[in-house]
Amino acid sequence: MSNTTENNAAPQRHVLLVAKSAFAAAPYRQMQQLADLVAALRGVAGASFGFTEQGTPSLREALGSLRAAGASDVLILPLMLPIEPSFTAWLTKSLRRWQAEDGVAWPQVRIAQGLADSPLLAALMAGLVEGAQAAAPVPPAERLVPEGSLVPAQKRRVLVCQGGPCNAAGADLIWGHLRNHQDRQKLRTTGDGTMSCKSTCLGPCNLAPVIQVYPEGTYYGGVTEAAIDRIVAEHLLGGRVVDAFAYEPTGRKQTLRPAASAEPAKT
């Protein structure tokens, strides 16, 4: 089923609900229910949803669908609490980059205030607290049973930096794009097998956003969705370092090179 809900009102504004991630059917149903509620609001032509981290559609994919459908005015409504101070900055930067990369006309895109800034939040919280009085308390476990784990067999690891500069440069979007690749292409069991994880600062902050790929230990800087596409295809699955985005340890400070092409190098 499509995640876009339209009503009979004259097209005015499309609302795009944004959450961090979803891994199962229940969160998708919840997002669809919220989209249905928003689509019924006065002055809203339609509502859909997207995710900044893992989950489909990604924020960029959702915006692309709206653009392709001819939407002229899109309001991004973040549903996350709390929102990091850098959220609006990296989202704005990413929106500007995506528009420049696409090279086609985009709808007008605005970003709504966060839930924490809404004057209606106090009433909502009060209702949730009152409703929780009927909830049964959580009982303790009768006994603790140890659970076993398998040691991962995957040979490759991808670290996605979550340091301040990388977060400000949109590391969450890069993480989500990588994780969606991991899910769609079954990277854990394809080729040498790949696992990915978020990392604290990886070091070269001026090259943000940064990822590092093992076992080679290759640093990639200025990483975009297009860079992830190539790194997955050429490095994780093909075993070849993508030189266009790679930075070698030289013992000297390096600056971010101009954005590399999304196209693979000629062989």
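Here, every reference points to the structure presented above.
Residues numbered from 1 in each chain as written. Predicted model: local features only at pLDDT ≥ 70, side-chain atom pairs only at ≥ 80, totals over all residues. Heavy atoms only, no water.

Asks: If you had to explain the packing of helix α2 (residues 59-68) against helix α3 (residues 87-102) to someone new, which residues and values would you point to?
Replies: The interhelical angle for the contact between α2 and α3, taken along N-to-C directions, is 50 degrees, at an axis separation of 12 Å. Here α2 is positioned oblique relative to α3, judged by the angle of their axes. For the pair α2 and α3, the sense of crossing is right-handed. Contact residues: α2 offers L59, R60, L63 and R67, while α3 offers L91, L95, R97, W98, E101 and D102. (Axes fitted to C-alpha atoms, helices over the stretch in contact; angles between N-to-C directions. Helix = DSSP H or I, 4+ residues; strand = E, 2+ residues; numbered from the N terminus. Parallel < 35°, antiparallel > 145°, perpendicular 65-115°, else oblique. Left-handed = near helix turned anticlockwise from the far one by under 90°. Contact = heavy atoms within 4.5 Å.)

Asks: Outline the pairing of strand β3 (residues 46-51), supporting the account with residue identities and numerical values.
Replies: Successive residues of a regular strand alternate their side chains across the two faces of the sheet. Where burial is concerned, most of β3 is hidden: six out of the six residues are buried. Side chains G46, S48 and G50 project from β3 onto one buried face, and the interleaved A47, F49 and F51 project onto a second face that is buried too. Sheet topology places strand β2 (residues 14-19) next to β3; six bridges connect them, and they run parallel. Across the sheet, residue A19 finds its bridge partner in β3, namely F51. Of the crossover connections in this fold, the one passing from β2 over helix α1 (residues 25-39) to the parallel β3 is right-handed. (Buried < 20%, exposed > 50% of the residue type's maximum accessible area, 1.4 Å probe, protein only. Pairing = 2+ DSSP bridges. Right-handed = clockwise from strand over helix to strand, strands pointing away.)

Asks: I'd like a description of the nonpolar core, backed by residues and values.
Replies: Nonpolar side chains tend toward joint burial in soluble globular proteins. Membership of the largest hydrophobic core comes to 18 residues, with the highest contact counts inside it found for V158, I211, V213, Y220, V223, I228 and I231. At the level of elements, β6 (156-161), α6 (171-184), β8 (211-214) and α7 (225-236) are the ones that each hand at least two residues to this core. Per element, the largest residue contribution to this core is five residues, and it comes from α7. Residues L66, I76, W98 and W106 belong to the second largest nonpolar core, which totals 16 residues. (Core = buried A, V, L, I, M, F, W, Y, C linked by side-chain atoms within 4.5 Å.)

Note that all results are geometric; they support no functional claim without further evidence.
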